[in-house]
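Structural features, examined
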Amino acid sequence: QDEQNKQDQDQQDEQNKQDQDQQDEQNKQDQDQQDQEKNEQQSQQQPGELSPEEAKRLLDALKDRESESQKRRRLRLQGKRYRGNPW
């Protein structure tokens with residue numbers, strides 16, 4: 001009885017392993033297909049055209065640069081000009 005249970009368990013384990021391997025292979029194929037589709041979409045862009053991710057990153061960088069520039073400008077305007085002798 002115990003030997004039969006052990007054999008049944010071993011068969012079940014082997015089946016589970018095969019199922020998992022098959023699922024892993026399918027997941028890998030799906031991921032490869034998604035990567036290929038993404039590369040095709042990127043290659044369809046015209047030269048000089050930005051992807052949405054690149055455009056967003058660039059816009060964020062410009063906003064940060066502008067806000068830093070405005071901070072410096074405000075600091076300069078807050079200070080009083082020296083009205084003494086220019087020597």
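I will try to describe carefully the structure that is included in this document. Every value quoted in this text rests on a predicted model; they were computed, and no experiment measured them.

Describing the pattern of salt bridges
- All told, the structure shown has 5 salt bridges when counted by the stated rule.
- For K6, the salt bridge is made with D10, and the minimal N-O distance between the two is 3.8 Å. Placement of the pair is K6 and D10 together in helix α1 (residues 2–43), with a separation of 4 residues, close to one helical turn.
- On the basis of relative accessibility, which here comes to 42%, the residue D10 falls in the partly exposed class.
- Between K56 and D60 there is a salt bridge, with the nearest N and O atoms lying 3.5 Å from each other. Within this pair, K56 and its partner D60 are both found in helix α2 (residues 52–78), separated by 4 residues, close to a single helical turn.
- The class of D60 is partly exposed, set by a relative accessible area of 33%.

Here we look at a nonpolar patch on the surface
- Taken together, the side chains of L50, L58 and L62 define a hydrophobic patch exposed on the protein surface, amounting to about 280 Å² of accessible area.
- Residue placement: L50 occurs in the loop between α1 and α2.
- When its relative accessible area of 45% is taken as the criterion, L50 is described as partly exposed.

Basis of the calculations
Residues numbered from 1 in each chain as written. Predicted model: local features only at pLDDT ≥ 70, side-chain atom pairs only at ≥ 80, totals over all residues. Heavy atoms only, no water. Salt bridge = Lys/Arg side-chain N within 4 Å of Asp/Glu carboxyl O. Helix = DSSP H or I, 4+ residues; strand = E, 2+ residues; numbered from the N terminus. Buried < 20%, exposed > 50% of the residue type's maximum accessible area, 1.4 Å probe, protein only. Patch = residues over 30% accessible without salt bridge, like charges linked within 9 Å, V, L, I, M, F, W, Y side chains within 5 Å. Areas by Shrake-Rupley, 256 points an atom, 1.4 Å probe, with all protein chains shown as cover.

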